[in-house]
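The chain contents come next:
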Amino acid sequence: MTRAIDLSLYLVTDTRLCGRRGVPAVVDAAVSGGARIVQLRDKDATDEEFLALLVELAAVIDGRALLVVDDRLDVVVEARRRGARVDGVHLGQSDASVLRARELLGPDAIVGLTANTAAHLEAARALPPGTVDYLGVGAIHPTTTKPDHPPVLGVEGFAALAAVSPLPCVAIGGITEDDAAPLRRAGAAGLAVVSALCAAADPRAAATRLVRAWRDAPTPSPIAPPPIAPSPIVPSPITGPPRVLSIAGTDPSGGAGIQADIKSISANGGYAMTAITALVAQNTRGVREIHRPPSDFLRAQLDAVSDDIVVDAVKIGMLADTGIIRVVRSWLEEHRPPTIVLDPVMVATSGDRLLDAEAEEALRGLLPLVDVVTPNLPELAMLAQEEVAATWDDALAQAVRVAGRSGTLVLVKGGHLDGDDAPDALVEPGGGISLFPGERIRTRSTHGTGCSLSSALATRRARGAAWPDAVAESRAWLRESIIAGSTLGVGGGHGPVHHFAGLWSRGGLETRPTADAVAADWWDRIARVRAGIDGLPFIRALADGDLPRSAFLFYLEQDALYLREYARTLAEAARTAPTSAQQAFWAGAARDAIAGELELHASWLGTAAYADSDGAGSSGAEAFGAEPAPATVAYLDHLRSAAFSGEHGVLIAALLPCFWLYADLGARLHGGAFGTRPQDPDHPYASWLATYADPGFEEANRRAIGFVAETAAGADPRTRERMRLAFERSVVYERAFFAAPMPNPMPAPMPDPMPAPILVPGVTPAGGDRRR
Ligand SMILES: Nc1ncnc2c1ncn2[C@@H]1O[C@H](COP(=O)(O)OP(=O)(O)OP(=O)(O)O)[C@@H](O)[C@H]1O
Ligand SMILES: Cc1ncc(CO)c(N)n1
Ligand SMILES: [Mg+2]
């Protein structure tokens, strides 16, 4: 069994240096600032004085840090007998035997041992496993707090010992912030300090600086020799999950603001806490109202948290106004949490303002206080006091200026860019840039992405990751959450991301979307293609009634050719249908396609084109010898390959657009949505248009959508994805089919055989024609 003891910042008390403030006050402040383990050391106190001080310290620390005692094993036993929480003992080479300490205190206690030489290490190695938890190794520098300190090792001497140590080594002896990086690189499990905290004017701030220096330091290089014996404890930068505080506004619909932060922090391995700056009445469609409680009340919330709990990281979101920014600023200055991420929220995804224009200046003033700021492009422009960057390169240059001026890392977010990429970049004050490229995910589930990213980042960082790693980890998690967002079926606007997508799928908790959600999602995703169809010259002219007869006949010939094969694939869908009801439906549709539609075409093709030439108007589809056009061939090939896939779901998904797009278009054409009156008896194509507006066809469409959406909803995610792609590909072929009779002067490129999986952020569904 391994036990994680957080040795990162180890305070050893010195009663004289603490002075009149008293040891408990200094310990309290240092622990609030991030000290994780405290050793009470006082060589001069009597046992009674020592015991009283120990009991008081245990109460002051109250479980926020570990507490061990230098040397006096009996006092530990006595304090524990009196109910004080004392975690263990630290013994020197000449103190009571560590074996005896382990025996007296039990397997869960912490037993530390001083070891300053290779011989000490050898002796430690000879102990039974589990006797000692860590070694205190020094002196790093000469120090006055221990007059009889051992020879000075320096960082190099320490590194040499740590490399062969069987146990985690805490470095001690005159250590300051500047030693954090070299010692961490040298393999230290933590920094043990005396005067750097006990003699500090502000022990809390000093502790925060030490923690920050430790966390910012690179971890030892992987080529360092591995420990010779497996260590009984895992040194980790912190024990337990980081305690992450979000200071932000609310979103009752649960996808952004505080609510997103809680989910995001939890999903990324942190303990989430919140202080609310504003209550926002909003949902996935927009912001309705903002209520700002008095800023004193924000202060009260912040104090309630920090008076009781060590705050390992802070994420700051919506700040609403100058009064709120002022409160946050003074609280940050007093507490200096070791990790601070600022999401400079100005506007919601919906476009609504969340920050007073006058407060922008105050927000810029926070930059030097935080570690990272995470602007999107408009927010970056506000921070830079420049125009919004037009290109990604301009944005990077702007970020370099902001980072340079403020001394803060800038994570620029490319979520608002046009095009197929959604890159982010981490820009350092010195101008260094880490790029995080990423393909844009085609989805409308982007409500709260910024909130979620910044919370994840604060949490990942507080768990010990270097900043670029924390960004990469947060983005990987966010992308998975964005992709799964549409399965939640939340809201009709920009839906939330699925913060627990990974967790649920690993835990078998994944829920299936409802059939309605699938249908709504698929319909949304084809919005751009639908708008394209509406704008085609063929559709426009058809609506207006001035479609050249030749174009209409071309279309009907192709449609006749198409329908014959479409009927065959419908029959295949009937053959593979899982229920009799579905079998009957698809078989009926196959019959209708052949009988009903071809009859209509026969009459058109017969009376118009062929009646003039050979007078054989009634012979119908058999009579014409049209060749399939490329768009027809491509569409039919797709349907046949869907039929051959052997997956019923994929086949019916491919068949659906021919129902859905026609029913939608038919109803709108017939209803005059294109500004014409096709019911007008003079409209040349009135009877043809009426077919697709037929209530029977609308009912068939409804049932087809229902069967496909239910099949997709019940399928596993991969099958559902294949179904969606088959559906979308058919939609693209529908457009090509409608485009073929009247090619644009600029010929439209043939559709990609496999349209790239989606991606039209910000596309609004055409009109009010959403089906569900
Ligand atoms: N469609 C998308 N595909 C992939 N990643 C995206 C997409 N939209 C946003 N992101 C990512 O989400 C994160 C947030 O970026 P965005 O630019 O949307 O921030 P924001 O505007 O602050 O968000 P919010 O509207 O929630 O405040 C970034 O990592 C960005 O790359
Ligand atoms: C409270 C809040 N913060 C941030 C955002 C950004 O999306 C939002 N919509 N609401
Ligand atoms: Mg944002």
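Once a new chain begins, its residue numbering starts again from 1 and follows that chain's sequence as written. A letter from A marks each chain and a number from 1 marks each ligand, given out in the order of writing. Local features in this predicted model are restricted to residues of pLDDT 70 or higher, and side-chain atom pairs are both shown and tallied only at a pLDDT of 80 or more, whereas totals for entire chains, interfaces and linings draw on every residue. As a rule here, side-chain values come from all non-hydrogen atoms in the structure, and water together with hydrogens is ignored.

The protein is annotated in an unreviewed UniProt entry as Thiamine-phosphate synthase from Microbacterium resistens. UniProt positions are given in the numbering used here, feature names are shortened, and annotations may be inferred rather than shown by experiment. Under Sequence similarities (unreviewed entry), UniProt gives the following word-for-word description of the protein: "Belongs to the thiamine-phosphate synthase family."

Caption draft 1: Up close: the overall build of the protein. Runs of E in the DSSP output that reach at least two residues are strands. Runs of H or I that reach at least four are helices, and both are numbered from the N terminus. The secondary structure content of the protein amounts to 29 helices and 17 strands. Per-residue accessibility, obtained with a 1.4 Å probe over protein chains only, is compared with the maximum for each type, and a residue is labelled buried under 20%, exposed over 50%, and partly exposed between these values. Residues counted as buried form 56% of the 772 residues belonging to the protein. Where accessible areas are quoted, they stem from the Shrake-Rupley method and a 1.4 Å probe; at the residue level, only the protein chains shown are allowed to cover. Carbon and sulfur atoms provide 55% of the accessible area of the protein, an area that totals close to 31,600 Å².

Caption draft 2: Main features of the pattern of salt bridges. Each reported salt bridge corresponds to a side-chain nitrogen of Lys or Arg within 4 Å of a carboxyl oxygen of Asp or Glu. Within the structure shown, the criterion is met by 37 salt bridges. Here Arg125 and Glu122 are joined by a salt bridge, their closest N and O atoms 3.4 Å apart. Here Arg125 and its partner Glu122 are both found in helix α6 (residues 118–126), three residues apart, which amounts to about one turn of the helix. For Glu122, a relative accessible area of 45% corresponds to the partly exposed category. Between Asp592 and Arg591 there is a salt bridge whose closest N-O contact spans 2.8 Å. Of the residues examined, Arg591 reaches a relative accessible area of 55% and is grouped as exposed. Look at the salt bridges and you will find they share partners, linking Asp6, Arg36, Arg243 and Asp312 into a network.

Caption draft 3: Representation of the site of ligand 2 within the structure. Nearness is defined per residue: one heavy atom within 4 Å of the molecule or strand is enough. As a matter of local geometry, ligand 2 sits amid 11 residues, with Gly249, Thr250, Gln282, Ala348 and Cys451 nearest to it. In the model, a nitrogen atom of ligand 2 is placed 2.8 Å from a nitrogen or oxygen of the Gln282 side chain. Across the complex, the protein chains shield 95% of the 280 Å² of accessible surface that ligand 2 would expose by itself. When residues are grouped by polarity, Ala, Val, Leu, Ile, Met, Phe, Trp, Tyr, Cys and Pro land in nonpolar, Asp, Glu, Lys and Arg in charged, and all others, Gly among them, in polar. In terms of residue class, the shell around ligand 2 is made up of six nonpolar, five polar and no charged. Any pair of nitrogen or oxygen atoms within 3.5 Å is treated as a polar contact; in protein, a donor-acceptor pairing is required on top of that, and neighbouring residues in sequence qualify only through side-chain atoms on both sides.

Caption draft 4: Examining empty space enclosed by the protein more closely. Cavity and pocket criteria rest on a 1 Å grid covering protein atoms alone: a 1.4 Å probe that fits but cannot get out defines a cavity, protein on both sides within 12 Å along at least 5 of 7 lines defines an open pocket, and an atom within 4 Å of a point defines a lining residue. Grid points are joined across faces, edges and corners, and a volume is the space filled by probe spheres set on the points. Under the counting rule described, the total for this entry stands at four cavities of 30 Å³ or more. The space that makes up the largest cavity amounts to roughly 90 Å³. Every residue lining the largest cavity is counted, 13 residues in all, and those nearest its centre are Ser32, Arg204, Ser306, Val311 and His335. Counting residues per element, the ones that place at least two in the lining of the largest cavity are α2 (23–33), α10 (203–216) and α13 (322–335). Residue composition of the lining of the largest cavity, grouped by class: six nonpolar, five polar and two charged. A volume near 60 Å³ is recorded for the second largest cavity. In terms of lining residues, the second largest cavity is bounded by Phe538, Ile539, Leu542, Tyr662, Leu665, Gly666, Leu669, Trp688, Leu689, Tyr692 and Phe738. Of all the secondary-structure elements, those providing two or more residues to the lining of the second largest cavity are α22 (537–544), α26 (648–670) and α27 (686–692). Broken down by element, the lining of the second largest cavity gets its largest block of residues, four residues, from α26.

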